[in-house]
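# Survey of secondary and tertiary structure
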Amino acid sequence: MHPASHTAKGPLPAHVGIIMDGNGRWAQQRNQRRSQGHLEGLKTAKRIVQAAGGLGIAYLTLYVFSTENWKRTAGEVGFIMGLVKQYLAAEMDFFRKSRIRIRHAGDPAGLPREIAGEIQRVCEDTQDFTGLQVILALNYGGRDAIIRAIRRLIAQGPQEGPLTETEFRRCLDNPDIPDPDLIIRTAGEWRTSNFLLWEGAYAEYYVSDKLWPDWTAEDLREALARYQTRERRYGGAGT
Ligand code: FPP
């Protein structure tokens, strides 16, 4: 019997973050170009967005492109940016039908102008949708997000009293979105890779050995089921 079946089921996570890893290895295993892996990775992202909405997840953050990913070849960077553009344009009907709201996390200033413009447009067009919120982490780095928050704080001028965590949190990207409850990483790597450093302080982690292009709705259900068996103590002693 699965150990999970012995324990009472906890609540579903409201916010799930995913570090989508393994596109390159998926392609390599098939003697294909890395771009083919990203193409398959995009298909997986579509599957998982659909599944997350159906399962009642409120927020899904997808780590699409980090502040460190610019180190890849211009060809690969261009290909991923092209996929983002294609995704946003091709899925608009789906977002509308499923009431999916698209958000952005990361620094828009560092993105190619047309990509930043496209994201802004889709964020605006979907801002009143009340279904699943999909946050695309694009040109996103946890350290960069913290630095940008500090810059916002400085720009606000001197504050009264010592800075609190709550006040600082309000300066990060998307302050209204709750901290992630669960962070999933695929392709068997045990690293945070600069993802949601501040917000993920008490996130539960789930590492899947499967490569991202091979991920299915069933894998998401399994990750959620495992999460539901965890006891979250937030540094306390527990029950
Ligand atoms: C990690 O695999 C994947 C990326 C850096 C790119 C993620 C992009 C997508 C899944 C497509 C776009 C998705 C959306 C939602 C627009 P890797 O290349 O680091 O794999 P490797 O570690 O095996 O080389």
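This text follows the structure it describes.
In this report, the structure presented in the accompanying data block is examined. What you are looking at is a predicted structure, and each value in this text was computed from that prediction instead of being measured.

### Regarding the packing of helix α3 (residues 74-90) against helix α5 (residues 113-125)
- Where α3 contacts α5, the two axes come as close as 10 Å, and the packing angle between them is 25°. The orientation of α3 with respect to α5, classified from their angle, is roughly parallel. Judged by the sense of rotation from one axis to the other, the crossing of α3 with α5 is left-handed. Residues Met81, Val84, Lys85, Leu88 and Ala89 of α3 lie in contact with α5, whose contacting residues are Glu114, Ile115, Glu118, Ile119 and Val122.
- The residue makeup of the contact of α3 with α5, split by class, is seven nonpolar, no polar and three charged.

### A word on the pairing of strand β5 (residues 182-185)
- Side-chain alternation along β5 places Leu182 and Ile184 on one buried face and Ile183 and Arg185 on a second face that is also buried.
- Pairing between strand β1 (residues 15-19) and β5: four bridges, direction parallel. The partner of Ile18 across the bridge, within β5, is Ile184.
- With four bridges joining them, β5 and strand β6 (residues 204-207) adopt parallel strand pairing. What sits directly across from Leu182, in β6, is Glu204.

### Concerning the sheet that holds strand β4 (residues 133-140)
- Read from one edge to the other, the open sheet built from six strands follows the order β3-β4-β2-β1-β5-β6, with strand pairing classed as parallel. On the outer flanks of this sheet lie β3 (101-105) and β6, each paired with one strand and no other. Taken over all neighbouring pairs, the strand axes of this sheet differ in orientation by 20° on average, direction set aside.
- As paired elements, β1 and strand β2 (residues 59-66) share five bridges and run parallel to each other. Its bridge partner lying in β2, Val16 is registered against Leu60.
- Each of β2, β3 and β4 is contacted by α3, which is oriented at about 150° to β2, the strand it contacts most.
- Sitting on the sheet, helix α8 (residues 217-228) is in contact with β1, β5 and β6, with an inclination near 135° to β5.

### A closer look at the pattern of salt bridges
- Scanning the model with the defined rule gives 21 salt bridges in all.
- For the salt bridge of Arg121 with Glu118, the shortest nitrogen-to-oxygen distance reads 2.9 Å. Highlighted residues: Arg121 and Glu118, both in helix α5, separated by three residues, approximately one helical turn.
- For Asp173, the salt bridge goes to Arg148, with nearest N and O atoms at 2.8 Å. Separated by 25 residues along the polypeptide, Asp173 in the loop between α7 (165-169) and β5 and Arg148 in helix α6 (residues 142-155) bring together distant segments of the chain. Each member of the pair, Asp173 as well as Arg148, carries the same accessibility label: buried.
- One network of salt bridges, with partners in common, ties together Asp21, Arg25, Arg185, Glu189 and Arg191.

What counts, and where the lines are drawn
Residues numbered from 1 in each chain as written. Predicted model: local features only at pLDDT ≥ 70, side-chain atom pairs only at ≥ 80, totals over all residues. Heavy atoms only, no water. Axes fitted to C-alpha atoms, helices over the stretch in contact; angles between N-to-C directions. Helix = DSSP H or I, 4+ residues; strand = E, 2+ residues; numbered from the N terminus. Parallel < 35°, antiparallel > 145°, perpendicular 65-115°, else oblique. Left-handed = near helix turned anticlockwise from the far one by under 90°. Contact = heavy atoms within 4.5 Å. Nonpolar A, V, L, I, M, F, W, Y, C, P; charged D, E, K, R; others polar. Buried < 20%, exposed > 50% of the residue type's maximum accessible area, 1.4 Å probe, protein only. Pairing = 2+ DSSP bridges. Salt bridge = Lys/Arg side-chain N within 4 Å of Asp/Glu carboxyl O.

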